[in-house]
Each structure stands twice: as C-alpha cells, then as structure tokens.
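These are the residues of each chain, in order.
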Amino acid sequence: MYIKKIEIENIRSIEKLVWELPDVADEDLAGWHVLIGDNGSGKTTFLRAMALGLIGLKNSFALREDWNSWFREKEHDLTIKIDFVFDERYDDKLNIPEYIDYHASIELSGENSAGGSYETGASDVRGIQDRKYNFFSSAYGPFRRFTGGNPDYNRLFHTNPRLAAHLSVFGEDVALIETIEWLKDLKYKQLEKKQDAKELLKAITKFVNHDDFLPNRVELRGVSSDGVT
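Keep in mind it's a predicted model, so treat the numbers as computed, not measured. (Residues numbered from 1 in each chain as written. Predicted model: local features only at pLDDT ≥ 70, side-chain atom pairs only at ≥ 80, totals over all residues. Heavy atoms only, no water.)

Draft legend 1. Geometry of the overall build of the chain. Helix and strand counts for the chain stand at seven helices and seven strands. Listed N to C, the secondary structure of the chain is β-β-α-α-β-α-β-β-α-α-α-α-β-β in terms of helices and strands. If you take every contact in the chain between residues at least 6 apart in sequence, the share linking residues at least 24 apart comes to 64%. For the chain, the accessible surface area stands at approximately 14,800 Å², while carbon and sulfur atoms represent 49% of it. (Helix = DSSP H or I, 4+ residues; strand = E, 2+ residues; numbered from the N terminus. Contact = heavy atoms within 4.5 Å. Areas by Shrake-Rupley, 256 points an atom, 1.4 Å probe, with all protein chains shown as cover.)

Draft legend 2. Here's a closer look at a nonpolar patch on the surface. A surface patch of nonpolar side chains, amounting to about 350 Å² of accessible area, comprises Phe207, Phe213, Leu214 and Val218. By the element assignment, leucine 214 lies in the loop between helix 7 (195-208) and strand 6 (223-224). On the basis of relative accessibility, which here comes to 31%, the residue leucine 214 falls in the partly exposed class. (Patch = residues over 30% accessible without salt bridge, like charges linked within 9 Å, V, L, I, M, F, W, Y side chains within 5 Å. Salt bridge = Lys/Arg side-chain N within 4 Å of Asp/Glu carboxyl O. Buried < 20%, exposed > 50% of the residue type's maximum accessible area, 1.4 Å probe, protein only.)

Draft legend 3. Highlighting the nonpolar core. With 37 residues, the main nonpolar core has Ile8, Leu52, Ile80, Leu163, Leu167 and Phe170 as its most contacted residues. For this core, the secondary structure elements donating two or more residues are strand 1 (2-11), helix 1 (43-55), strand 3 (77-85), strand 4 (103-112), helix 4 (156-159) and helix 5 (161-164). Setting aside chain neighbours within four positions, we find leucine 52 in contact with Leu57, Ser60, Trp67, Trp70, Ile80, Ile106 and Phe170. (Core = buried A, V, L, I, M, F, W, Y, C linked by side-chain atoms within 4.5 Å.)

Draft legend 4. Quick look at the pairing of strand 1. Counting buried positions over the ten residues of strand 1 gives seven, a clear majority of the element. Sheet topology places strand 1 next to strand 3; seven bridges connect them, and they run antiparallel. Looking at the pairing, isoleucine 3 lines up with phenylalanine 84 of strand 3. Here strand 1 pairs with strand 2 (residues 14-20) via six bridges, running antiparallel. Along strand 2, the bridge assignment pairs glutamate 7 with valine 18. (Pairing = 2+ DSSP bridges.)

Don't take any of this as a statement about function, it's just geometry.
Right under this line is the structure:
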C-alpha cells in the first residue's frame, strides 16, 4: 500500500494542511516526494504528524510526549487523517483485500483548565490496524547515529517495534542501536552455519558498499562481537 492523502489540522504551526497525490497508476505512486519549505514553516511537524498516524496512539504513548505542545496556539483539538491506496502488485501476495477502505485517523482533544494546562483525551480510529493486515512504514530524523543516544529510548526497540521504526523522527537524541545489534546477531547465525543468515549478511554488505551509498567512501568491512567496522 501507498499513502494517498494526508490531512492534518491544528498541529503546532499548521492550521490546516492537505497533501494528496494525483490519480495516477499505482506504479507511479512510489518514489521520492520532496517537501520543501522555509525554516519554521512546519516540515518537521508534518513528518511527525504523518509518523504518529502510521504508528497509532497506542504505540505513541511510549514516547512520553507532552501532547499539550502539539496543539496549535489557542486550539483544543487536533486531527490527523491518512488514506492509503491498494497496490495489487504486492498486497495481493499478502492476502490483503482490495475492496476495503484503508485509512488511519487520530484525534486529540483537550480543555484548557484554570491552571493553563490541558486535560487531554484521545481517540484512535484505525482502518488499517483494526484488521489483521499489516504494512511497512519507517521514518528517520536528520540525525542517524548508532551510539551516544538517550538510553531511555533503547528499550523501545524491543517493547514497541512499530514505534522503533519511526523513533528518530520524534527526537534528535535517538541512537539506532537496534541496527548494530541486528547485524551482530546475523554474524552469530552465520558462524552457526545458518545459510540464510550468511546470504543476508553478504547481500547487506554488498548493498551498503555500492558506489556513493555512504559519504566519504565509508564502507562496511566487517561485523564482530565488538560492533561494526
């Protein structure tokens, strides 16, 4: 599936924004979509709102976000709506029915109390995850470090894997430690003569090391118990 349309209202600097792809063939929906705007215009807000819609409120509560900071000034309600489009080339193989209307919707509301804080209520209407069908999505922030992040986030890679795939877009102090641990685990399995792990690690190394993938001619040379070099 692909994202077809995103609507957000009353989130931080954005009063209302609708982003929608044109009606084209499914194969034309894939690819790069570039968001351009001045500093402070709401690019990060848009990406975080989209990520929140994809992971759902149940997962996002583990972020321990101050939801008061998400409301646009003087507003008490915010909405995120995402519509998806079926792709028969891939979704058929996952036995995902084409006729279902796939969407995700999040609503947050709060009443400004005398003390100036919000008592926040939330509803999460999920046309995707209400059903037993899954889809892939991930998001990354501008910093993609593998060490030195806030250790409080580390446990989320195990307890909230769907959130973990989008975690760094919500904060700059997130380290992608799971990547290193996963590569080390593949190496262990390779040493245990597991052919699938050997082939996967070989394919990953080839992919990472192809021309111009990493800056400054950086290459993946090996994986050991000490880490990745």
